[in-house]
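The chain contents come next:
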Amino acid sequence: MNTFKQITSLQNPLIKKTLVLKDKSRDRKKSGLFVLEGVRELQLALKGNYSIDTLFFCKSLISEETLINLTKNNTIAEVIEVTLDVYQKIAYRTTTEGVMALVKSKEHNLDSLQFSTKKPLILVAEAPEKPGNIGALLRTADAANLDAVIIANPKTDLYNPNIIRSSVGCVFTNKIATGTTTEIIAFLQEHNIATYCAALTASKTYTKVDYTESSAIVVGTEATGLSNEWLNNSTQNIIIPMEGQIDSMNVSVAAAIVIFEAKRQRS
């Protein structure tokens, strides 16, 4: 391998900074940096045109070929070799691939959201809180090649390590915007995008709705569902018939069912 700057001390200021960024949303927002871990996630971030501020690697955990493939033809401000004990301290996952990075976050404003299709299909999630659910929603959106994911009233910042991990890097492959419920409803109305809200009342079975025009599938939390503001502005409420003893399912599962029905209709 080439000779790189090396960090061997757990007391190094950059290592301390990395640990803070890993754990503190406030510091991620203040610095505009977040922590990324894993080869696949780094590849997807680079593909998504994210700027890499610092790349850490541990020589005993990553092959020279993999490191070369990650760094060649990519603009990375600084590449630093760290010792195994330092890497294990900053690594988030127990099973790791020997590469981490400090990455510059992006803005996710509604007004910067542009669609590449004339009849976009969008997923809107209101106030999702559990990183695992958010990650699963992003994986579904990527699998279905949705035009965008919009998060209303976000409770967790997108660059939480748990979201990056559970999304398997799909936080970097989707077009994502955030805003308040009021702002998003106005945005969808301005762009003539119909809203189909998952709800228990005044609903049609999800297979009885036409999603072939510009459509937003809107889901809420499992605990409280969607706010009245969404339900009052819905083009049509939709429901997945339940045949067991409960009246709801995991939000990411429900979203996937409706999304792929929409994809089926559009195919």
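Notes on the structure follow. Bear in mind that the values here come from a model prediction, so they are computed numbers and not experimental data.

**Considerations on the side chain of Ser252**
Take Ser252: it is sitting in helix α10 (residues 251–266). In terms of polar contacts, Ser252 uses its side chain to reach the side chain of Asn250, at 2.3 Å. Apart from the residues within four sequence positions on either side, Ser252 is in contact with Asn133, Ala136, Leu137 and Thr140.

**A few points about the pattern of salt bridges**
In this structure the tally under the stated criterion is five salt bridges. Ionic pairing is found between Glu78 and Lys5, a salt bridge with its closest N-O pair at 3.8 Å. Taken together, the positions of Glu78 in strand β4 (residues 76–82) and Lys5 in strand β1 (residues 5–7) put the pair 73 residues apart, joining distant regions of the chain. Put simply, Arg264 and Glu261 hold a salt bridge, and the shortest N to O gap is 2.8 Å. Here Arg264 pairs with Glu261, and both are found in helix α10, just three residues apart, close to one helical turn.

**Notes on the sheet that holds strand β3 (residues 52–57)**
In any sheet, the strands associate via hydrogen bonds between backbone groups, in a parallel or an antiparallel arrangement. Spatially, the five strands line up as an open sheet ordered β1-β4-β3-β5-β2, and their pairing is mixed. The sheet is open, and its two borders are formed by β1 and β2 (33–37), each paired with just one other strand. With strand direction ignored, the average angle separating the axes of adjacent strands in the sheet is 25°. As paired elements, β3 and β4 share five bridges and run parallel to each other. The residue of β4 that forms the bridge with Phe56 is Ile80. Contacts from helix α3 (residues 39–47) reach β2, β3 and β5 (99–104) within the one sheet, and its direction differs from that of β2 by about 130°.

**Quick look at the sheet that holds strand β8 (residues 176–179)**
Taken in spatial order, the seven strands make up an open sheet running β8-β7-β6-β11-β9-β12-β10, and their pairing is parallel. Only two strands of the sheet have a single neighbouring strand rather than two, namely β8 and β10 (203–205). Averaged over all adjacent pairs, the angle separating strand axes in this sheet is 30°, with direction ignored. As judged from the five bridges shared by strand β6 (residues 121–126) and strand β7 (residues 148–152), these two strands associate in the parallel manner. Counted as the bridge partner of Ile122 is Ala148 from β7.

**Looking at the pairing of β2**
Remember that side chains alternate between the two faces of the sheet whenever the strand is regular. β2 sits mainly inside the fold: five of its five residues count as buried. Side chains Leu33, Val35 and Glu37 project from β2 onto one buried face, and the interleaved Phe34 and Leu36 project onto a second face that is buried too. Sheet topology places β2 next to β5; five bridges connect them, and they run antiparallel. Bridge pairing links Leu33 to Lys104 in β5.

**So, the packing of aromatic side chains**
Going through the model one piece at a time under the given rule, you end up with eight aromatic pairs. Over the face of the ring belonging to Tyr50 we find Lys106, whose NZ or CZ atom lies 4.4 Å from the ring centre.

**A look at the pairing of β4**
Counting buried positions along β4 gives five out of seven residues, so the element sits mostly inside the fold. Two elements, β1 and β4, share three bridges in a ladder whose sense is parallel. Within the sheet, the bridge partner assigned to Lys5 lies in β4 and is Ile80. Between β3 and its parallel partner β4, the chain crosses via helix α4 (residues 64–71), and the hand of that crossover is right-handed.

**A closer look at the side chain of Asn237**
Relative to the helices and strands, Asn237 is located in strand β12 (residues 236–239). On the accessibility criterion, Asn237 (8% relative accessible area) is buried. Polar contacts involving the side chain of Asn237 include one to the main-chain carbonyl oxygen of Thr201, which spans 3.1 Å. Setting aside residues no more than four positions away along its own chain, Asn237 makes contact with Cys197, Ala199, Thr201, Ala202, Ser203, Lys204 and Leu231.

**A word on the packing of helix α6 (residues 131–143) against α10**
Axis angle and axis distance: for two packed helices, these are the angle between their axes and the distance between the axes, and together they describe the pair. Two elements in contact, α6 and α10, have axes whose closest approach is 9 Å; the angle formed by their N-to-C orientations is 15°. Between α6 and α10, the angle falls in the class roughly parallel. For the crossing formed where α6 meets α10, the hand is right-handed. Here Asn133, Ala136, Leu137, Thr140 and Ala143 of α6 come into contact with α10, specifically with Val251, Ser252, Ala255, Ala256, Ile259 and Phe260.

What counts and what doesn't
- Residues numbered from 1 in each chain as written.
- Predicted model: local features only at pLDDT ≥ 70, side-chain atom pairs only at ≥ 80, totals over all residues.
- Heavy atoms only, no water.
- Helix = DSSP H or I, 4+ residues; strand = E, 2+ residues; numbered from the N terminus.
- Polar contact = N/O pair within 3.5 Å; in protein donor to acceptor, adjacent residues only side chain to side chain.
- Contact = heavy atoms within 4.5 Å.
- Salt bridge = Lys/Arg side-chain N within 4 Å of Asp/Glu carboxyl O.
- Pairing = 2+ DSSP bridges.
- Axes fitted to C-alpha atoms, helices over the stretch in contact; angles between N-to-C directions.
- Buried < 20%, exposed > 50% of the residue type's maximum accessible area, 1.4 Å probe, protein only.
- Phe/Tyr/Trp six-rings, centres within 6.5 Å; stacked < 30°, edge-to-face > 60°.
- Lys NZ or Arg CZ within 6 Å of the ring centre and 35° of its normal.
- Right-handed = clockwise from strand over helix to strand, strands pointing away.
- Parallel < 35°, antiparallel > 145°, perpendicular 65-115°, else oblique.
- Left-handed = near helix turned anticlockwise from the far one by under 90°.

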